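A closer look at the structure
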Amino acid sequence: MVAVGGSLGTWEWKRIVTNMFPLLVILSIIVLWAGITLEGAEEMIEEISILAVMVPTMVDMGGNLGAILSSRLSSRFHLGTTELDPRDRVLWANVAAILALAATIFTALAIGAAALDVVLYGGAVGFGPLLFISLVSGMSVAVIAIVFSFAATYGSYRLGIDPDDTTIPIVTNVVDVFGMVIFIGVSALVLGF
């Protein structure tokens with residue numbers, strides 16, 4: 001696949017700033033939604049404090065998973081080894097690896113949160129609900145990270161913008177917003193808020 005308009009101008013600082021500044025302003029405004037969502041769930045988080053421990057890991061790990069996939073996709077585009085063909089086994093292997101990482105990370109998050117819940121609060125929430133919240137939220141965030149990794153990488157490349165400049169900010173901000181909304185929604189549903 002060849003980028004529209006030839007070279008992506010990777011090292012031209014004016015082009016990077018021109019492409020990135022408006023994107024970062026828009027993404028900053030969008031990510032405010034995550035903060036507003038968290039503020040709206042303040043009562044639930046104050047009552048069930050263990051959720052406050054889970055929030056940063058939930059959001060951060062989702063963004064990291066998306067960043068890993070975006071980086072791998074961007075490298076493959078730069079090397080000319082992919083065209084996002086659904087029959088490409090390497091692409092599917094990358095998706096499977098991200099989902100396996102997500103399942104592992106979010107299970108570990110639930111185990112750690114449950115252990116803290118027992119030590120600090122006498123097991124007030126319990127392992128089952130924490131595992132359900134962590135896995136449903138985490139795997140949902142992983143799927144969103146995968147979708148936006150593909151969309152941001154392919155879209156940037158097709159527009160002649162270096163995906164290395166755009167994918168990470170797009171994916172991490174989108175995952176921050178959706179991750180927070182999903183986590184709060186699943187937690188409220190499971191815990192009856």
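**Examining the overall build of the chain**
When helices and strands are counted, the chain shows 6 helices and 0 strands. What you see in the chain, going N to C, is helices and strands ordered as α-α-α-α-α-α. Evaluated residue by residue, the chain yields a buried proportion of 42% over its 193 residues. Look at the contacts in the chain between residues 6 or more apart in sequence, and 79% of them connect residues 24 or more apart. About 9900 Å² of surface is accessible on the chain, with carbon and sulfur atoms providing 69% of the total.

**Here's the deal with the confidence of the model for the chain**
Of all residues in the chain, 94% have pLDDT values of 70 or greater, and the mean over the chain is 84. Low pLDDT, under 50, characterises residues 1–7; the predicted model gives this stretch 13 contacts beyond four residues in sequence or across chains.

**Structural notes on the side chain of threonine 167**
Its location among the elements puts threonine 167 in helix H6 (residues 163–191). A distance of 2.8 Å separates a polar atom in the side chain of threonine 167 from the backbone oxygen of proline 163. If we ignore the near neighbours within four places in the chain, the residues touching threonine 167 are Ser70, Ala152 and Thr153.

**A look at the pattern of salt bridges**
Applying the stated criterion across every chain yields a total of 1 salt bridge. Here arginine 76 and aspartate 88 are joined by a salt bridge, their closest N and O atoms 3.1 Å apart. Of the two residues, arginine 76 sits in helix H3 (residues 50–79) while aspartate 88 sits in the loop between H3 and helix H4 (89–121), which places them 12 residues apart along the sequence. Like aspartate 88, arginine 76 is buried.

**Side note on a negative patch on the surface**
Judged by side-chain charge, Glu39, Glu42, Glu43, Glu46 and Glu47 come together as a negatively charged surface patch. Of note, glutamate 43 is situated in helix H2 (residues 42–47).

**A word on the packing of H3 against helix H5 (residues 127–158)**
Axis separation between H3 and H5 bottoms out at 8 Å; the angle between their running directions is 30 degrees. One element, H3, and the other, H5, form an angle in the roughly parallel class. The two elements H3 and H5 cross, and the hand of that crossing is right-handed. For the contact of H3 with H5, the residue count by class is 17 nonpolar, 9 polar and no charged.

**Details of the side chain of serine 156**
Along the chain, serine 156 turns up in helix H5. Not counting chain neighbours up to four residues away, the residues in contact with serine 156 comprise Ala151, Ile161, Pro163 and Thr166.

**Describing H3**
With 30 residues, H3 ought to run about 44 Å at 1.5 Å a step, and its terminal C-alpha atoms sit 44 Å apart, in line with that. In the segment just after H3, glycine 80 is the residue with positive phi, at about 75 degrees.

**Overview of the packing of H3 against H4**
Packing of H3 against H4 brings their axes to within 10 Å, and their N-to-C directions diverge by 165 degrees. In terms of axis orientation, H3 runs roughly antiparallel to H4. For the pair H3 and H4, the crossing hand works out as right-handed. Looking at the contact of H3 with H4, its residues break down into 20 nonpolar, 3 polar and 3 charged.

**Observations concerning the environment of phenylalanine 21**
Secondary-structure assignment places phenylalanine 21 in helix H1 (residues 13–40). Since its relative accessible area comes to 58%, phenylalanine 21 is described here as exposed. Separated by 73 residues in sequence, phenylalanine 21 and asparagine 94 have C-alpha atoms that sit 30 Å apart.

How each quantity is defined
Residues numbered from 1 in each chain as written. Predicted model: local features only at pLDDT ≥ 70, side-chain atom pairs only at ≥ 80, totals over all residues. Heavy atoms only, no water. Helix = DSSP H or I, 4+ residues; strand = E, 2+ residues; numbered from the N terminus. Buried < 20%, exposed > 50% of the residue type's maximum accessible area, 1.4 Å probe, protein only. Contact = heavy atoms within 4.5 Å. Areas by Shrake-Rupley, 256 points an atom, 1.4 Å probe, with all protein chains shown as cover. pLDDT = per-residue confidence, 0-100. Polar contact = N/O pair within 3.5 Å; in protein donor to acceptor, adjacent residues only side chain to side chain. Salt bridge = Lys/Arg side-chain N within 4 Å of Asp/Glu carboxyl O. Patch = residues over 30% accessible without salt bridge, like charges linked within 9 Å, V, L, I, M, F, W, Y side chains within 5 Å. Lys, Arg positive; Asp, Glu negative; His and termini not counted. Charge placed at Lys NZ, Arg CZ, Asp CG, Glu CD. Axes fitted to C-alpha atoms, helices over the stretch in contact; angles between N-to-C directions. Parallel < 35°, antiparallel > 145°, perpendicular 65-115°, else oblique. Left-handed = near helix turned anticlockwise from the far one by under 90°. Nonpolar A, V, L, I, M, F, W, Y, C, P; charged D, E, K, R; others polar. Expected span 1.5 Å × (residues − 1).

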